[in-house]
Amino acid sequence: MAKMIHSLFLINCSGDIFLEKHWKSVVSQSVCDYFFEAQEKAADVENVPPVISTPHHYLISIYRDKLFFVSVIQTEVPPLFVIEFLHRVADTFQDYFGECSEAAIKDNVVIVYELLEEMLDNGFPLATESNILKELIKPPTILRSVVNSITGSSNVGDTLPTGQLSNIPWRRAGVKYTNNEAYFDVVEEIDAIIDKSGSTVFAEIQGVIDACIKLSGMPDLSLSFMNPRLLDDVSFHPCIRFKRWESERVLSFIPPDGNFRLISYRVSSQNLVAIPVYVKHSISFKENSSCGRFDITIGPKQNMGKTIEGITVTVHMPKVVLNMNLTPTQGSYTFDPVTKVLMWDVGKITPQKLPSLKGLVNLQSGAPKPEENPSLNIQFKIQQLAISGKKCLAWV
Amino acid sequence: MTDSKYFTTTKKGEIFELKAELNSDKKEKKKEAVKKVIASMTVGKDVSALFPDVVNCMQTDNLELKKLVYLYLMNYAKSQPDMAIMAVNTFVKDCEDPNPLIRALAVRTMGCIRVDKITEYLCEPLRKCLKDEDPYVRKTAAVCVAKLHDINAQLVEDQGFLDTLKDLISDSNPMVVANAVAALSEIAESHPSSNLLDLNPQSINKLLTALNECTEWGQIFILDCLANYTPKDDREAQSICERVTPRLSHANSAVVLSAVKVLMKFMEMLSKDLDYYGTLLKKLAPPLVTLLSAEPELQYVALRNINLIVQKRPEILKHEMKVFFVKYNDPIYVKLEKLDIMIRLASQANIAQVLAELKEYATEVDVDFVRKAVRAIGRCAIKVEQSAERCVSTLLDLIQTKVNYVVQEAIVVIKDIFRKYPNKYESVIATLCENLDSLDEPEARAAMIWIVGEYAERIDNADELLESFLEGFHDESTQVQLQLLTAIVKLFLKKPTETQELVQQVLSLATQDSDNPDLRDRGYIYWRLLSTDPVAAKEVVLAEKPLISEETDLIEPTLLDELICYIGTLASVYHKPPSAFVEGGRGVVHKSLPPRTASNESTESPETAPAGAPTGEQPDVIPTQGDLLGDLLNLDLGPPVSGPPLTTSSVQMGAVDLLGGGLDSLMGDEPEGIGDTNFGAPPPAAPARVGAPIGSGLSDLFDLTSGVGTLSGSYVPPKAVWLPAMKAKGLEISGTFTRQVGSISMDLQLTNKALQVMTDFAIQFNRNSFGLAPAAPLQVHAPLSPNQTVEISLPLNTVGSVMKMDPLNNLQVAVKNNIDIFYFSTLYPLHILFVEDGKMDRQMFLATWKDIPNENEAQFQIRDCSLNAEAVSTKLQSSNIFTIAKRNVEGQDMLYQSLKLTNGIWVLAELRIQPGNPSFMDLELSLKCRAPEVSQHVYQAYETILKN
């Protein structure tokens with residue numbers, strides 16, 4: 001398990017290795033050739049298998065923000081451990097530089113190096129909490145770099161981070177705000193497969209509560225729900241006291257400072273309230289003809305009086321489709337003839353006039369009649385409504 | 001103002017310029033220069049030449065500069081060991097720094113410098129840091145012990161660091177505990193025998209307490225360590241489970257999976273009647289499902305593990321089928337895994353939904369995925385009987401799409417459906433035949449040919465169809481050729497009148513024009529069967545086939561149990577034990593599930609049978625491609641042939657083909673029953689009958705019975721494991737060979753290490769050099785229940801068919817039971833073949849010795865034998881090596897000996913015994929034989945007998 005990550009390579013989409021970090025001995029870049037081979041085979045960047053074996057090493061990789069994080073492993077390790085850690089590295093970059101991109105990493109290469117060294121020691125993760133890291137290595141800001149260059153002070157903290165060893169390693173001590181405030185965002189995502197006839201094959205809600213806490217001192221918070229029964233499958237941030245949840249169904253915690261994900265949960269289809277939109281679609285192709293008809297309409301179902309907004313529809317059209325000639329009643333659409341993806345930015349639904357998109361599809365001549373039910377993907381937002389019907393009761 | 005400026009190279013002499021900057025007086029400039037050096041390092045540039053200059057910057061109060069220099073040191077110290085010594089003083093000083101951050105940093109960096117000379121200086125500071133008042137330093141030092149151990153294990157043991165590390169398990173700070181556990185686990189991994197992690201209820205309790213308080217990574221270390229512990233009884237197991245369960249709600253999926261591992265393992269010890277057992281099962285499902293909403297990489301690993309969990313305990317996820325439905329934007333590697341799990345979970349209750357999904361998948365774009373989906377439909381049909389009809393009609397719909405690869409996959413699975421439900425769905429054959437032309441893959445062609453042959457009587461133009469395949473016979477793959485041969489023979493037996501010519505044609509193609517031994521042998525066998533006894537041929541070839549069941553790709557139970565212990569590791573991703581792939585395999589310990597302690601349960605095989613599988617059915621298996629023996633003639637391994645098969649007399653050490661002799665004697669015989677079929681001339685490729693053999697093999701039969709009468713009990717080697725349980729789905733076979741009073745036997749010990757009862761044992765030998773064959777069927781009187789062992793002595797004779805093996809004494813054995821057929825090979829000691837009448841007449845000996853050419857003489861040395869001439873002679877005699885004369889030449893004893901093998905080959909020996917050391921003799925052995933290839937093995941027999 002140890003020496004879990006031997007080396008790390010960061011690779012961009014065009015296959016350049018632009019950063020390498022070795023925790024033990026230097027492993028030659030040529031080990032990445034096995035990765036490139038797999039990448040070539042997979043055709044699509046998203047299909048590169050996460051675990052690749054090579055004669056002397058294992059390569060475990062993740063694909064995030066158009067970058068591959070490829071780690072080199074030499075002994076039997078838990079792959080989830082490595083993958084989780086790599087995602088944590090990417091999260092940290094995002095947190096520090098505002099984006100996890102090749103440019104951002106190259107611009108801050110020394111901080112990146114310091115961070116990697118601080119996060120992992122001999123394969124043992126050391127400090128991965130952003131609160132602690134920020135005490136050890138200060139994130140770059142324009143102001144600070146100006147100040148540093150004038151005063152000659154550095155980005156590296158020289159005292160031991162206070163949270164590191166306390167029983168609440170996620171929070172730093174001595175936090176002070178003039179305005180004490182706490183925000184919670186509840187984001188619920190419905191994951192549903194709906195068949196041609198409109199009935200739901202499978203649906204579940206993936207929800208998260210993200211928090212932004214700016215409170216002084218050591219605040220101890222409790223959060224209770226109207227119907228905690230719905231939350232039977234939850235993953236908690238380590239700050240939540242599990243015992244209290246088990247016995248009283250109350251979230252009780254001392255929060256980290258700043259932004260963090262408090263819980264994520266899943267509500268399965270048994271508890272699901274109806275999906276708030278419906279889609280009617282009809283796509284037909286004539287036999288032996290190089291065109292077809294396309295027609296989709298969207299309408300609200302049961303929206304509890306709230307407006308549905310920010311709707312976008314994505315359709316993966318069959319490969320033989322050359323072009324599409326459509327008219328939307330509202331919003332705008334684009335069709336990418338290379339990826340064959342149709343995107344329709346609908347906007348809001350007004351119940352008086354249901355949005356629709358109609359028109360002709362041009363096919364490659366001579367090609368066989370394609371499949372008539374491509375998959376549709378719909379995204380939308382409803383403000384101030386949790387589909388699962390979860391409501392917060394009280395703050396203490 | 002960004003770091004990218006560090007990458008801009010100046011015209012020439014970059015290194016030179018950096019050197020100047022590093023030696024600058026200005027602090028700021030120095031720092032910038034070090035940053036440039038680090039930046040070059042990150043892209044793999046070699047900046048090791050700057051080593052002394054960078055090290056000079058080490059002594060500074062500036063923490064950032066210090067850290068940067070340390071980063072550099074870690075990377076390059078190994079390449080500049082002498083220079084690295086320069087840094088030691090600063091390290092030692094930093095370990096005394098009042099700032100704990102600097103103390104920890106120093107000890108951490110020192111551990112990363114893998115230079116022997118430095119490690120010596122590391123010991124004292126490390127010892128102090130392990131006892132530091134600051135827990136941050138202690139936890140860093142704990143990891144450092146593991147690093148040091150990797151560089152110099154002996155040093156760590158001598159310095160007593162291991163004991164200090166063990167003490168840290170009781171530290172008051174949970175992070176220190178977690179790191180100590182991690183370090184100890186790592187060290188223990190390289191010393192599997194050492195008892196480093198001495199887990200007992202007290203230390204387990206400490207670990208469980210620390211588990212609640214340490215960081216997520218620490219929790220993983222502790223959970224993985226807990227998984228190696230074996231609780232003393234079910235109560236302890238339950239209490240550990242109770243304290244581990246909260247980890248299932250952790251946001252870190254690696255923590256969740258490690259917790260799942262502990263629970264899956266300890267559940268094994270809990271009684272199923274316990275309420276708690278049910279509760280635990282319920283608690284396991286949601287976290288596993290949640291793993292599937294994570295990033296695709298995490299999903300993939302989770303799915304590979306769920307695949308194992310579903311096989312071990314299908315009840316956990318049986319209601320969660322829908323979460324495994326494939327999403328259109330899943331990466332392909334996730335899709336394929338989900339499909340696998342869907343089939344494992346398919347049952348009568350959810351089959352309708354599953355089928356509807358699978359049908360959708362079969363119209364997707366990705367070819368691999370579509371193929372797998374079509375196969376999955378077939379597997380559903382075999383697994384859930386009630387759905388078979390729907391599956392078949394779905395497959396027919398798919399065939400109508402005329403998409404080439406869909407059609408081919410569909411035909412392959414329909415063949416299996418026919419085997420599972422014979423005489424039920426044959427109405428679809430017509431549709432299949434329409435697609436004959438589009439089949440271009442061997443597997444699909446073979447499947448189609450099998451169908452045509454099997455149902456020849458219902459297909460009017462079966463002969464035309466098969467004939468059309470025959471045209472390009474030599475271009476087909478072996479799989480198709482074999483299938484075509486069998487199918488045409490079947491056709492012939494069903495419609496003898498019209499297809500004579502066809503069968504002649506295929507037999508001659510297979511036997512004369514083919515270089516493939518499998519094909520040729522099978523061709524000969526059919527040819528002989530047809531020509532000797534067509535009725536028997538019919539019985540054999542058209543015999544009823546055993547039904548197949550769905551569990552063709554289940555992991556065998558012993559391996560599954562081991563893999564359950566490795567949940568969350570690479571082994572669980574590859575579904576192989578770590579010993580099979582981890583480099584070096586340094587002492588990988590086989591892990592096993594703890595035994596159930598509650599007494600009210602005997603076995604758990606019925607439980608592990610997947611839901612929906614009809615119990616009581618024998619799980620026969622779809623023969624895989626390599627399974628030729630089972631596939632051959634559709635013949636099950638029946639009771640072994642006890643009488644001599646077709647040829648016996650032509651025994652010689654050369655290549656003797658089983659069929660060579662018999663074929664021509666059978667030639668021209670008019671087979672009864674099939675009218676006046678005439679088989680053509682024997683193929684010229686068949687070896688001609690071998691002339692008069694040197695020693696008639698048959699006469700040995702009598703020799704054996706009228707043996708010399710000396711009750712000889714030759715040397716019996718100890719039993720060795722011939723077939724490990726890992727390779728034979730839980731059946732372990734060990735054995736040895738004995739020869740007593742003229743009869744040879746194979747002493748077997750069968751152990752059932754699987755979870756299910758084993759019955760229906762049978763054994764068969766492949767042809768071998770001396771015609772060894774079982775003289776009686778393998779009789780295992782009672783079914784072999786799990787963990788039971790039986791000892792069987794199987795009598796052997798030497799009248800089996802002969803084929804020269806390499807090595808000569810190699811014996812290939814097939815053992816069948818209700819689970820499968822297993823193959824192994826073993827080497828038998830040659831002395832079991834030494835017959836009792838091997839004593840040659842003196843005159844004869846002299847004449848023969850002269851007669852055998854000198855190039856047939858082989859010489860060997862046997863060193864350090866503790867016996868004198870007399871004892872040697874006696875000892876050898878008991879193994880049927882007879883001393884004919886004894887001489888003493890210049891103080892050396894010379895023994896002249898003879899022995900005879902079961903096939904009549906004589907071996908003459910001259911044994912010179914010369915005193916070597918005071919108590920040991922050196923023997924010099926000269927062997928003369930007409931078949932010199934046996935000499936080596938005779939010598940080995942000598943050596944074994946004399947040294948035991």
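Residues numbered from 1 in each chain as written. Chains lettered and ligands numbered in written order. Predicted model: local features only at pLDDT ≥ 70, side-chain atom pairs only at ≥ 80, totals over all residues. Heavy atoms only, no water.

Novice: What is the right way to look at the overall build of chain A in this model?
Specialist: Broken down by element type, chain A carries 7 helices and 22 strands. When the 396 residues of chain A are sorted by exposure, 53% land in the buried category. A sequence separation of at least 24 residues applies to 64% of the contacts in chain A between residues at least 6 apart. As displayed, chain A offers around 17,500 Å² of accessible surface, 50% of which is attributable to carbon and sulfur atoms. (Helix = DSSP H or I, 4+ residues; strand = E, 2+ residues; numbered from the N terminus. Buried < 20%, exposed > 50% of the residue type's maximum accessible area, 1.4 Å probe, protein only. Contact = heavy atoms within 4.5 Å. Areas by Shrake-Rupley, 256 points an atom, 1.4 Å probe, with all protein chains shown as cover.)

Novice: I'm lost on helix 23 (residues 404-420) of chain B in this one. Help?
Specialist: For the α-helix, the turn length of 3.6 residues means that residues three or four positions removed from each other point alike. Along its 17 residues, helix 23 of chain B runs 25 Å from first to last C-alpha, staying within 8% of the 24 Å computed at 1.5 Å per residue. Among the 17 residues of helix 23 of chain B, 14 are classified as buried, and the element is accordingly described as predominantly covered. (Expected span 1.5 Å × (residues − 1).)

Novice: Is there a simple way to explain the confidence of the model for chain B in this structure?
Specialist: Residue and element names in this part refer to chain B. Mean pLDDT over chain B: 79, with 83% of residues reaching 70 or higher. Here residues 598-712 is a poorly scored stretch, pLDDT under 50, and it has 187 contacts once near neighbours within four places are set aside; other chains count. At the level of chain-chain contacts, confidence expressed as ipTM amounts to 0.75, with global pTM at 0.65. (pLDDT = per-residue confidence, 0-100.)

Novice: What should I look at first to understand the interface of chain A and chain B in this one?
Specialist: One frequently used descriptor of interface size is the decrease in accessible area upon assembly of the parts. Counting residues at the interface gives 93 residues for chain A and 94 residues for chain B. In total, about 8,100 Å² of surface goes out of reach between chain A and chain B, with carbon and sulfur atoms giving 60% of it. With a closest N to O distance of 3.4 Å, Arg108(B) and Glu117(A) form a salt bridge. Inspection of the region where chain A meets chain B yields 15 residue pairs in polar contact (both at pLDDT 80 or more). Per element, the largest residue contribution to the side of chain A that touches chain B is 8 residues, and it comes from helix 2 (residues 79-97) of chain A. For the side of chain A that touches chain B, a count of residues per class yields 41 nonpolar, 27 polar and 25 charged. (Buried area = accessible area lost by both parts, 1.4 Å probe. Salt bridge = Lys/Arg side-chain N within 4 Å of Asp/Glu carboxyl O. Polar contact = N/O pair within 3.5 Å; in protein donor to acceptor, adjacent residues only side chain to side chain. Nonpolar A, V, L, I, M, F, W, Y, C, P; charged D, E, K, R; others polar.)

Novice: Which parts of the structure should I look at to understand the packing of helix 21 (residues 367-383) of chain B against helix 23 of chain B?
Specialist: When two helices pack together, their arrangement is given by the angle between the helix axes and the distance between those axes. Residue and element names in this part refer to chain B. Look at helix 21 against helix 23: their axes get within 9 Å of each other, and the N-to-C directions meet at 15 degrees. Between helix 21 and helix 23, the crossing angle belongs to the class labelled roughly parallel. Seen from above, helix 21 lies across helix 23 with right-handed handedness. Two secondary-structure elements touch here, helix 21 through Val 367, Val 370, Arg 371, Val 374, Arg 375, Gly 378, Ala 381 and Ile 382 and helix 23 through Tyr 405, Val 406, Glu 409, Ala 410, Val 412, Val 413, Asp 416, Ile 417 and Lys 420. Classifying every residue of the contact of helix 21 with helix 23 gives 11 nonpolar, 1 polar and 5 charged. (Axes fitted to C-alpha atoms, helices over the stretch in contact; angles between N-to-C directions. Parallel < 35°, antiparallel > 145°, perpendicular 65-115°, else oblique. Left-handed = near helix turned anticlockwise from the far one by under 90°.)

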